[in-house]
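Read off the chains here:
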Amino acid sequence: METHLAERFLNTPDGEVAERILRACVHCGFCTATCPTYQILGDEQDSPRGRIYLMKQVLEGATPTLSTLRHLDRCLTCRNCESTCPSGVHYSRLLDIGRRVVASEVRRPRGEAIGRSVLHRLISHKPLFDSLMKIGRVARPLLPAALQAKIPHVHVPIGKWPTQTHARKILMLNNCVQEGMLPAVDKATARVLDRLGIQAIIERKSGCCGSLPYHMDDEEGGLADVRRNIDAWWPHIEQGLEAIVINISGCSAMVKDYGYLMRLDPAYAEKAARISAMTFDLSEWLARELGSRRPKTALPAQRLVFHPPCTLQHAQKIRGVVEAMLTTWGAELQPIQESHLCCGSAGAYSVLQPELSQKLRSRKLSNLERHQPEVILSANVGCIGHLGGGTQTPVMHWIEWMEQRLLAGGVTDERIEMPEMAPDTHEEGASVRNTLKATAITRPGREAAAEKKAEAA
């Protein structure tokens, strides 16, 4: 696409990134076929191609309006268009730049700005958020239906954090909302890893991955979260930490981008790139650790569907990995139409754009429940909470289900071949991370991989 940036953007980091992305777009329109908002609204300006034109105009000197802001706000940042685009347009990076520029020039209505600020502060204040969730569960029968829908059900015992110490150690995220919304997930993750001889650690000086503020008009707040996490994690990395393993796909996608986000910060660029390189979504990690094993005893089959979050399948390009593990452990996975489409959660989107979000949820649930599954599984706290608020079918994290199967079936070391994952497309640290995946990450992991290879030979 021919592009002529306004002088104020020339030779700037944002300008260089934006121009490269704009010139990659051939405005073919393939993206409109998989864009959720375009599917619902049918408005070209609510499609990736239309938004690219809007951002191009602003970057070339046009004055943005409140209408421009609205069209960019309605984007879910699901990145489905990036999976569809034959030209490799990195739409999400352009959107971050466009939103930042437009938000700096267009003033939101006062009530809307206050509402976004309050939402951001509520979610990012972990003690307050967790307390409100606990109160909400107790008082659920007394709450309005709309509020009840925002409080996910807990479908498995929460249990305790394992106390065993292991030589192999990984860091988990001190997340902002999952511990309050889905209190069993982190503990189930830690127990599964403990069973495999891996100790999970949460560094309490860390916190939100930064995604929420970064995408809610508070980019500096998001980057401050990034720096805080790097500072909190770095001592563990220096002590030989094996990896950072994250069980929230939206957060793992964000942390994998730390290298890019911090690339211009001389104090953090190198550390951020290393952190991106050693960050894994739980599905990637467990596929390597557990994927070569199977149940000791036969397990009864269970009819399930797995909803792959956009941040898993489009942002991280991880497809089929969770499904293969679930199938090995007795899941009868039911086919899903439009599995590529967003469920409408998208971080704070379900609160900020409730009408569109609920339409997308209804469409998604219709496809997920078509074959009457006993349980709906997913990999992101937002998706789980959002979908659970619209159905009576239990919705839970896949690791909660996996832990129950591990307890029931035991584990053997018999080899089961897992499907290859799609290439990692996060530029910063991608080659390093893909090398780490192939070698099981650390010295103990490499030695274990070598031993298994020798035994197989």
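Residues numbered from 1 in each chain as written. Predicted model: local features only at pLDDT ≥ 70, side-chain atom pairs only at ≥ 80, totals over all residues. Heavy atoms only, no water.

The name that an unreviewed UniProt entry assigns to the chain is Glycolate oxidase iron-sulfur subunit, with the source organism given as Lautropia mirabilis ATCC 51599.

Caption draft 1: Fine view of the overall build of the chain. A tally of helices and strands in the chain yields 25 helices and eight strands. With 457 residues in all, the chain has 55% of them scored as buried. Summing over all exposed atoms, the chain offers an accessible surface of approximately 20,000 Å²; the carbon and sulfur share of this is 54%. (Helix = DSSP H or I, 4+ residues; strand = E, 2+ residues; numbered from the N terminus. Buried < 20%, exposed > 50% of the residue type's maximum accessible area, 1.4 Å probe, protein only. Areas by Shrake-Rupley, 256 points an atom, 1.4 Å probe, with all protein chains shown as cover.)

Caption draft 2: Spatial organisation of the side chain of glutamine 199. Relative to the assigned elements, glutamine 199 resides in strand S2 (residues 198-202). By relative accessible area, glutamine 199 is classed as buried at 18%. In this structure the side chain of glutamine 199 is engaged in a polar contact, spanning 3.4 Å, whose partner is the side chain of lysine 169. (Polar contact = N/O pair within 3.5 Å; in protein donor to acceptor, adjacent residues only side chain to side chain.)

Caption draft 3: The arrangement of empty space enclosed by the protein in detail. Summed over all chains, the structure comprises five cavities of 30 Å³ or more. Of the voids in this model, the largest cavity is the one considered here, and its volume is about 130 Å³. What lines the largest cavity is a set of 16 residues, among which Cys25, Cys31, Ile52, Cys85 and Val89 lie closest to the centre. Going through the elements one at a time, helix H3 (48-59) and helix H5 (80-84) are the ones with two or more residues in the lining of the largest cavity. (1 Å grid on protein atoms, 1.4 Å probe; cavity = no way out; pocket = protein on both sides within 12 Å on 5 of 7 lines; lining within 4 Å. Points joined across faces, edges and corners; volume = space filled by probe spheres on them.)

Caption draft 4: Looking closely at a nonpolar patch on the surface. Together, Leu128, Leu132 and Ile135 make up an exposed nonpolar region whose accessible area comes to about 270 Å². Structurally, the position occupied by isoleucine 135 is in helix H8 (residues 126-138). (Patch = residues over 30% accessible without salt bridge, like charges linked within 9 Å, V, L, I, M, F, W, Y side chains within 5 Å. Salt bridge = Lys/Arg side-chain N within 4 Å of Asp/Glu carboxyl O.)

Caption draft 5: View of the sheet that holds strand S5 (residues 302-307). What the four strands build is an open sheet, ordered S6-S5-S7-S8; its pairing is parallel. Of all strands in the sheet, those bounded by a partner on one side alone are strand S6 (331-333) and strand S8 (395-397). Taken over all neighbouring pairs, the strand axes of this sheet differ in orientation by 45° on average, direction set aside. In the packing of helix H19 (residues 321-328) onto the sheet, contacts are made with S5, S6 and strand S7 (375-378), and the angle to S6 comes to roughly 135°. (Pairing = 2+ DSSP bridges. Axes fitted to C-alpha atoms, helices over the stretch in contact; angles between N-to-C directions. Contact = heavy atoms within 4.5 Å.)

Caption draft 6: Local environment of the environment of glutamate 242. Tracing the sequence through the fold places glutamate 242 in the loop between helix H13 (219-238) and strand S3 (243-246). Judged by relative accessible area, which is 4%, glutamate 242 ranks as buried. Sequence separation of glutamate 242 and arginine 168 is 74 residues, and the distance between their C-alpha atoms is 6.7 Å.

Caption draft 7: Fine view of the environment of arginine 319. Of note, arginine 319 is situated in the loop between helix H18 (310-315) and H19. Judged by its relative accessible area of 37%, arginine 319 is partly exposed. Considering only alpha carbons, one finds arginine 319 and serine 283, 36 residues apart in sequence, at a separation of 9.8 Å.

Caption draft 8: Examining the pattern of salt bridges more closely. Counted according to the given criterion, the structure contains 27 salt bridges. For aspartate 14, the salt bridge identified is with arginine 100, shortest N-O distance 2.6 Å. With aspartate 14 in helix H1 (residues 13-24) and arginine 100 in helix H6 (residues 91-105), the pair connects residues that are 86 residues apart, well separated along the chain. Judged by its relative accessible area of 25%, aspartate 14 is partly exposed. Between glutamate 289 and arginine 168 there is a salt bridge; the shortest N-O distance is 2.7 Å. With glutamate 289 in helix H17 (residues 282-289) and arginine 168 in strand S1 (residues 168-172), this pair connects stretches of sequence that are 121 residues apart. Per residue, the accessibility class of glutamate 289 equals that of arginine 168, and both read buried. Residues joined by salt bridges that share partners form a network here, namely Arg70, Asp73, Arg108, Glu112, Arg116 and Asp217.

Caption draft 9: Molecular detail of the packing of helix H11 (residues 185-195) against helix H23 (residues 398-409). In contact at an axis separation of 9 Å, H11 and H23 are set at 40° when each is read in the N-to-C sense. One element, H11, and the other, H23, form an angle in the oblique class. The handedness of the crossing between H11 and H23 comes out as left-handed. Within the contact between the two elements, H11 uses Val185, Ala188, Thr189, Arg191, Val192 and Arg195 and H23 uses Ile399, Glu400, Glu403, Leu406 and Leu407. Looking at the contact of H11 with H23 residue by residue, the classes come out as six nonpolar, one polar and four charged. (Parallel < 35°, antiparallel > 145°, perpendicular 65-115°, else oblique. Left-handed = near helix turned anticlockwise from the far one by under 90°. Nonpolar A, V, L, I, M, F, W, Y, C, P; charged D, E, K, R; others polar.)

Caption draft 10: Summary view of the side chain of aspartate 225. Within the secondary structure, aspartate 225 sits in helix H13. For aspartate 225, a relative accessible area of 15% translates into the label buried. With near-sequence residues (within four places) excluded, aspartate 225 lies in contact with Cys208, Cys209, Gly210 and Pro213.

Caption draft 11: Fine view of the pairing of S5. In terms of residue burial, S5 counts as a mostly covered element, since five of its six residues are buried. Taken together, the three bridges between S5 and S6 define a ladder with parallel strand orientation. Its bridge partner being in S6, arginine 303 is matched across the sheet by glutamate 332. The pairing of S5 with S7 spans four bridges and is classified as parallel. For valine 305, the partnering residue across the bridge sits in S7 and is isoleucine 376.

Caption draft 12: Structural detail: the packing of aromatic side chains. If you walk through the whole model with that rule in mind, you get two aromatic pairs. A ring pair is formed by tryptophan 233 and tyrosine 258, whose centres lie 6.3 Å apart and whose planes are at 15°; its orientation type is stacked. Highlighted residues: tryptophan 233 in helix H13 and tyrosine 258 in helix H15 (residues 258-261), separated in sequence by 25 residues. Tyrosine 258 shares its class with tryptophan 233; the two are buried. Directly above the ring of tyrosine 260 sits arginine 263, whose terminal nitrogen or CZ lies 4.0 Å from the centroid. (Phe/Tyr/Trp six-rings, centres within 6.5 Å; stacked < 30°, edge-to-face > 60°. Lys NZ or Arg CZ within 6 Å of the ring centre and 35° of its normal.)

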